[in-house]
Amino acid sequence: MSDHNLQQAYSIRGATDAKALYDDWAASYDNSFSEKHGYIAPREIAAVFRAQDAGDTPVLDIGAGTGLLAENLPDYVVDGIDISPAMLDQAAIKGLYRNRICADLTQTLPMADGSYGGFVSSGTFTHGHVGPEVFPELFRVARPGALFVCGVIPPVFDGAGFGSRLALFTAHRMITPVSFHDIPIYENADHGHAQDRGLVMVFRKL
């Protein structure tokens, strides 16, 4: 077990690095990162989902980790998907998810077409993790009208090509036009990223 940090998380490159880092970090993640850094993005994203929700269940938590987002959706049926089995084991201790799915988001997902009515994500669309290439497979497991409420940090939104991919999805009538919410990522924090802001992408599958 190790206490890693945000810079290490931002420096990973691909699925193998992500699994290794988060498996090692899992047992101490909530204390050494979430609580220590004042990480509130999961709470903020859950609030946006609740405000938009029209009975969009069950919900898939994309990059679920230890379940920080699902903790803020206690009255929803939520499945969690993550590449790290150790992170999902920590979520299991909390009893947050109906199903915990260990899978690589960049590969074919082990769920049937149209399985979910809602999708949420915090801390997954970030440096070194995954980008908009995962959306087509997520759309496959989404029901028509499914609500997506996904956080992304602005440099990754620009650098990973989210804007152009979302524009193409919209142009081809795969999704509704995207709306955005500006949220704080941290509160009561004094570390180097304390003032960072996040974007929440909100749209529905057509």
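What you see is a predicted model, and the numbers here were worked out from it, not measured in a lab.

### Considerations on the overall build of the protein
Okay, step 1: A tally of helices and strands in the protein yields eight helices and seven strands.
Okay, step 2: Pairs at least 24 apart in sequence give 68% of the contacts found in the protein among residues at least 6 apart.
Okay, step 3: Just so you have it, the protein exposes about 9000 Å², and 50% of that area is on carbon and sulfur atoms.

### Details of the pairing of strand β4 (residues 116-125)
When a strand is regular, its side chains alternate between the sheet's two faces.
Okay, step 1: The buried fraction of β4 is high, at nine of 10 residues.
Okay, step 2: Examined bridge by bridge, β4 and strand β5 (residues 142-152) share six bridges and lie parallel to one another. For Tyr116, the partnering residue across the bridge sits in β5 and is Ala142.

### Some words on helix α8 (residues 162-171)
Okay, step 1: Among the residues of α8, those classed as buried are Phe162, Leu166 and Phe169. In an axial view of α8, the angular spread of the buried residues amounts to 55 degrees, which keeps them on one side of the axis.
Okay, step 2: Buried residues along α8 sit against β4, α6 (135-140), β5, α7 (154-159) and β7 (197-204).
Okay, step 3: The positive-phi residue at the C-terminal boundary of α8 is Arg173, with phi of around 55 degrees.

### Side note on the pattern of salt bridges
Okay, step 1: All chains considered together, the criterion is met by nine salt bridges.
Okay, step 2: With its nearest N and O atoms 2.7 Å apart, the salt bridge here joins Arg140 to Glu137. Note that Arg140 and Glu137 are positioned in helix α6 at a spacing of three residues, about one turn of the helix.
Okay, step 3: Residue Arg140 is classed as partly exposed on the basis of its relative accessible area of 24%.
Okay, step 4: Where salt bridges share partners, they join Arg43, Glu44 and Glu187 into one cluster.

### Structural notes on the packing of aromatic side chains
Two measures describe an aromatic ring pair: the distance that separates the ring centres and the angle between the ring planes.
Okay, step 1: For the coordinates displayed, the defined rule picks out 17 aromatic pairs.
Okay, step 2: Three or more aromatic residues joined by ring pairs form one cluster here, namely Tyr116, Phe119, Phe125, Phe135, Phe139, Phe148, Phe157, Phe162, Phe169, Phe180 and Phe203.

### Quick notes on the pairing of strand β2 (residues 78-82)
Okay, step 1: Counting buried positions along β2 gives five out of five residues, so the element sits mostly inside the fold.
Okay, step 2: In β2, alternate side chains face the same way, and those of Val78, Gly80 and Asp82 on one face and Asp79 and Ile81 on the other are all buried.
Okay, step 3: Looking at chain direction, strand β1 (residues 59-62) and β2 are connected through four bridges and run parallel. Along β2, the bridge assignment pairs Val59 with Val78.
Okay, step 4: In this fold, β2 hands off to helix α5 (residues 85-94), which returns the chain to strand β3 (residues 100-102); that crossover is right-handed.

### Quick word on the nonpolar core
Okay, step 1: Among the nonpolar cores identified, the biggest contains 57 residues, and Phe119, Phe125, Phe135, Leu138, Phe148, Val149 and Met201 are the most heavily contacted of them.
Okay, step 2: Among the elements that take part in this core, β5 stands out by supplying seven residues, more than any other.
Okay, step 3: Here Phe125 is in contact with Val130, Gly131, Val134, Phe135, Cys150, Gly151, Val152, Ile153, Val156, Phe162 and Met201, once residues within four sequence places are set aside.

### Section: the environment of Ala54
Okay, step 1: Note on placement: Ala54 falls in the loop between α4 (41-52) and β1.
Okay, step 2: Spatially, the C-alpha atom of Ala54 lies 9.6 Å from that of Ala146, the residues being 92 residues apart in sequence.

### Some points on the confidence of the model for the protein
Okay, step 1: On average, the protein scores 88 in pLDDT, and the residues at 70 or more come to 83%.
Okay, step 2: Confidence over residues 1-6 falls short of pLDDT 50; this stretch has 17 contacts with residues more than four positions distant or in other chains.

Definitions and cut-offs
- Residues numbered from 1 in each chain as written.
- Predicted model: local features only at pLDDT ≥ 70, side-chain atom pairs only at ≥ 80, totals over all residues.
- Heavy atoms only, no water.
- Helix = DSSP H or I, 4+ residues; strand = E, 2+ residues; numbered from the N terminus.
- Contact = heavy atoms within 4.5 Å.
- Areas by Shrake-Rupley, 256 points an atom, 1.4 Å probe, with all protein chains shown as cover.
- Buried < 20%, exposed > 50% of the residue type's maximum accessible area, 1.4 Å probe, protein only.
- Pairing = 2+ DSSP bridges.
- Arc of directions from axis to C-beta.
- Salt bridge = Lys/Arg side-chain N within 4 Å of Asp/Glu carboxyl O.
- Phe/Tyr/Trp six-rings, centres within 6.5 Å; stacked < 30°, edge-to-face > 60°.
- Right-handed = clockwise from strand over helix to strand, strands pointing away.
- Core = buried A, V, L, I, M, F, W, Y, C linked by side-chain atoms within 4.5 Å.
- pLDDT = per-residue confidence, 0-100.

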